[in-house]
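Secondary and tertiary structure notes
So the chains spell out like this:
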Amino acid sequence: MVVANWGNVLRQAVKIGTELLSTSGQKRGAGATHPRAQGRSAPTADRARTVVYAPALDGAADPGEIVWAWVPFEEGDGRGKDRPLLVVGREAGDRGVDLLGLMLSSQHDRAGEPDWLSVGTGAWDRQGRESFVRLDRVLEVGEHEIRREGAVLDRDRFDRVADALRTRFGWS
């Protein structure tokens, strides 16, 4: 008969909980490092998939939804920042479910750049700024790494993004 040492189990649980709470409350600004910055990026053409519009505000991120996640900088040095992503796909990955997302930016210098497409304004940006989606870089983010659901992109705007993925990058 195995008897658990509940005192040790409880001490370990408290220690883990305390560590999680102490790191989750820290403010992470641009350029901060993240202990689990595991998102990966790839050129969009290398990750060509079928894109389908299927939003459902059910707590799981679905194509057509804009969610917030930790996005590592392209330098791959562990730095990055929380930013909105337009989910364009879901697939089983080595970390469970991976989401395929396109990064959003509200920087106006993106207007007119060939790899950026305006998706207008929405609830994902509290200041109501025009947002642009980056078309040439797909981010793979584990579903458990999503911070929150931001909004659903309407069908017409999603279809413009999907059409660009199909035309320029071979998605179906």
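Let me begin by describing the structure that accompanies this report. (Residues numbered from 1 in each chain as written. Predicted model: local features only at pLDDT ≥ 70, side-chain atom pairs only at ≥ 80, totals over all residues. Heavy atoms only, no water.)

Notes on the nonpolar core
Counting 23 residues, the largest nonpolar core has Leu-86 and Val-88 as the members making the most contacts within it. Within the residue set of this core, elements represented by two or more residues are strand S3 (65-72), strand S4 (79-93), strand S5 (96-105), strand S7 (131-142) and helix H2 (155-169). Here this core gets six residues from one element, more than from any other, and that element is H2. Each residue touching Leu-86, except ones within four places of it in the same chain, is listed here: Gly-64, Glu-65, Ile-66, Leu-100, Gly-101, Leu-102, Leu-104, Val-133, Leu-153, Phe-158 and Val-161. (Core = buried A, V, L, I, M, F, W, Y, C linked by side-chain atoms within 4.5 Å. Buried < 20%, exposed > 50% of the residue type's maximum accessible area, 1.4 Å probe, protein only. Helix = DSSP H or I, 4+ residues; strand = E, 2+ residues; numbered from the N terminus. Contact = heavy atoms within 4.5 Å.)

Examining the environment of Leu-86
Within the secondary structure, Leu-86 is located in strand S4. Look at Leu-86 and you get buried, because its relative accessible area is 1%.

Quick notes on the side chain of Ser-105
Take Ser-105: it is sitting in strand S5. Only 3.1 Å separates the side chain of Ser-105 from the backbone nitrogen of Gln-107, close enough to count as a polar contact. Leave out the neighbours within four places in its chain, and Ser-105 touches Arg-83, Arg-110, Trp-116, Glu-130, Ser-131 and Phe-132. (Polar contact = N/O pair within 3.5 Å; in protein donor to acceptor, adjacent residues only side chain to side chain.)

Overview of the side chain of Arg-83
With respect to the helices and strands, Arg-83 occurs in strand S4. Lacking a salt bridge, the buried Arg-83 has Asp-82 as its closest oppositely charged neighbour, with an N-O distance of 9.1 Å. Looking at Arg-83, its side chain comes within polar contact range of the main-chain oxygen of Leu-104, at 2.9 Å. Excluding anything up to four places from it in sequence, Arg-83 contacts Val-67, Trp-68, Ala-69, Val-71, Met-103, Leu-104 and Ser-105. (Lys, Arg positive; Asp, Glu negative; His and termini not counted. Salt bridge = Lys/Arg side-chain N within 4 Å of Asp/Glu carboxyl O.)

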